[in-house]
Amino acid sequence: MWLQARMFLLVAVLFGILYGVITGVGTWIGAGGTIPYIILAFVFLGFQYLISPSIVGRTMKIRWVSEKEAPELHQMVAELAKEAHLPKPRVGISQLAIPNAFAFGRTQRDGRVCVTQGILKLLSKDELRAVLGHEMSHIKHRDMVIITLLSAIPLIMYWLAWSMMWSGAFGSRRQGGNYAALIGLGAFLLYIITNLLVLYGSRIREYYADLGSVQLGSMPHHLASALYKLVYGNARFKGREELRRIEGVKAFFLNDPSRAWREIRELSQIDRDMSGTIDYDELMELRQKEVRLGTSDKLMEIFTTHPNMLKRIKHLSSLAA
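Residues numbered from 1 in each chain as written. Predicted model: local features only at pLDDT ≥ 70, side-chain atom pairs only at ≥ 80, totals over all residues. Heavy atoms only, no water.

Colleague: Can you help me understand the overall build of the protein in this one?
Modeller: What the protein contains, in helices and strands, is 13 helices and 4 strands. Relative to the compact-globule value of 20 Å for 321 residues, the protein shows a C-alpha radius of gyration of 22 Å, a close match. Along the three orthogonal principal directions, the C-alpha set of the protein runs to about 70 × 45 × 40 Å. Per-residue burial for the protein yields a buried fraction of 50% across its 321 residues. Excluding contacts between residues fewer than 6 apart, the proportion of contacts in the protein whose partners are at least 24 apart in sequence is 75%. (Helix = DSSP H or I, 4+ residues; strand = E, 2+ residues; numbered from the N terminus. Rg over C-alpha atoms; globule rule 2.2 N^0.38 Å. Buried < 20%, exposed > 50% of the residue type's maximum accessible area, 1.4 Å probe, protein only. Contact = heavy atoms within 4.5 Å.)

Structure representation (structure tokens):
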């Protein structure tokens, strides 16, 4: 309930900012001045939304597999889809070696769940099912639609800032050039703020998908253990060319591979027996502890699409019975 409340509040704040900008700028230069930016932003993102599945497919080197080729994977996805009351998504295996998983699609009926070759060699069956439950929850919650819609607001602010600053730089005083430049600066500040708010929304969706995995029958410590293994697997990964390849689409991943080295130090304190997994007892022990992050970690989290991993696993500990 708290995750939903935060998301609803975030949407209200973002669209409140948009409404305030439309009203303010529209009053000053006429309603027609802001409407083109809104239309252009939604047209641009609508086009991106339509073609993004093909872009993701090519970037991630996805090969769609049949039930005969990957029977166990298909069975897990089918069971989770039934539990989530969703049509069964397409199942794919990415040819990327970096261990991870992701889901995408335009609608719930167009859902696609994929795993990389690397993750299939890394996780146990229970851990893999927990990961697939997380990805299925993204489809159930329509996260791709929500984040795409919210992303229109920073885009509008950026275009408005650029236009007003340009007008202020070349407009005369009588034409209100100084005021235009001032509005442009304000729009640019709002672009930064709304962009950070969209990233915050993305982090909320990750927490919500973790909860969704548990609601679909996965044990919290299985997902926590999978995340722990992914951090180590990503940190050990040496394929720099592959890491560069996925830089633009890593928001789709279960975790952010670029932060893996920093997260190792934080997570090592959870794995008391150094088994390479997080079991139920270790997760319950974390539940009793207070998680404290350094200033640099807090600042770094603000600029990312995924929550700090220690905080994320702490959240999973609160879901363990």
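From this point, things continue past the structure.
Colleague: What exactly am I supposed to notice about the pairing of strand E3 (residues 101–104) here?
Modeller: A regular strand places its side chains on the two faces of the sheet in alternate fashion. Both faces of E3 are covered, namely the face carrying Ala 101 and Ala 103 and the face carrying Phe 102 and Phe 104. Where E3 meets strand E4 (residues 112–116), 4 bridges bridge the pair, whose relative direction is antiparallel. In the sheet register, Phe 102 faces E4, and the bridge partner there is Cys 114. (Pairing = 2+ DSSP bridges.)

Colleague: Can you walk me through unusual backbone geometry in this structure?
Modeller: Outside of glycine, negative phi angles account for most residues, and trans bonds account for most peptide bonds. Phi angles above zero are rare outside glycine, and His 85 is one such case at about 60°. Checked against the element boundaries, His 85 lands in the loop between helix H3 (71–84) and strand E2 (90–94). Overall, His 85 belongs to the exposed group, its relative accessible area being 71%.

Colleague: Is there a simple way to explain the nonpolar core in this structure?
Modeller: The tendency in soluble globular proteins is for nonpolar side chains to be buried side by side. If you look at the biggest cluster of nonpolar residues, it comprises 45 residues, and the most contacted ones within it are Leu 73, Val 115, Val 131, Leu 132, Met 136, Leu 267 and Ile 313. Ranked by the residues each element gives to this core, the list is headed by helix H8 (residues 220–236), at 8 residues. Ignoring any residue separated from it by four or fewer positions in sequence, one finds Val 131 in contact with Ala 101, Ile 119, Leu 123, Leu 223, Ala 226 and Leu 254. The next biggest cluster of nonpolar side chains, apart from the first, holds 26 residues, and it includes Leu 14, Leu 18, Ile 156 and Ile 204. (Core = buried A, V, L, I, M, F, W, Y, C linked by side-chain atoms within 4.5 Å.)

Colleague: What is the right way to look at the packing of aromatic side chains in this model?
Modeller: The geometry of an aromatic ring pair is captured by two quantities: the separation of the ring centres and the angle between the planes. Here the structure, examined in full by the defined rule, presents 7 aromatic pairs. Ring geometry for Phe 104 against Phe 252: centres 6.4 Å apart, planes inclined by 80°, an arrangement best described as edge-to-face. On the criterion of sequence distance, the pair formed by Phe 104 in strand E3 and Phe 252 in the loop between helix H9 (240–245) and helix H10 (260–267) is long-range, its members being 148 residues apart. A relative accessible area of 3% means that Phe 104 is categorised as buried. (Phe/Tyr/Trp six-rings, centres within 6.5 Å; stacked < 30°, edge-to-face > 60°.)

Colleague: Where do I start with the packing of H8 against H10 in this structure?
Modeller: The relative placement of two packed helices is expressed as an angle between their axes plus a distance between the axes. Closest axis-to-axis distance for the H8/H10 pair is 8 Å, and the angle between their directions is 135°. Considering the angle they form, H8 stands oblique to H10. The hand of the H8/H10 crossing is left-handed. Across from Tyr 228, Val 231, Tyr 232, Asn 234 and Ala 235 in H8, the residues of H10 making contact are Ala 260, Trp 261, Glu 263, Ile 264 and Leu 267. Looking at side-chain class alone, the contact of H8 with H10 contains 8 nonpolar, 1 polar and 1 charged residues. (Axes fitted to C-alpha atoms, helices over the stretch in contact; angles between N-to-C directions. Parallel < 35°, antiparallel > 145°, perpendicular 65-115°, else oblique. Left-handed = near helix turned anticlockwise from the far one by under 90°. Nonpolar A, V, L, I, M, F, W, Y, C, P; charged D, E, K, R; others polar.)

Colleague: It is not clear to me how a nonpolar patch on the surface should be interpreted in this structure. Could you clarify?
Modeller: Together, Met 165, Leu 182, Leu 185, Phe 188, Leu 189 and Ile 192 give the surface a local cluster of nonpolar side chains, amounting to about 520 Å² of exposed area. The element contributing the most residues to the nonpolar patch is helix H7 (residues 177–215), with 5 residues. By the secondary structure assignment, Phe 188 is in helix H7. (Patch = residues over 30% accessible without salt bridge, like charges linked within 9 Å, V, L, I, M, F, W, Y side chains within 5 Å. Areas by Shrake-Rupley, 256 points an atom, 1.4 Å probe, with all protein chains shown as cover. Salt bridge = Lys/Arg side-chain N within 4 Å of Asp/Glu carboxyl O.)

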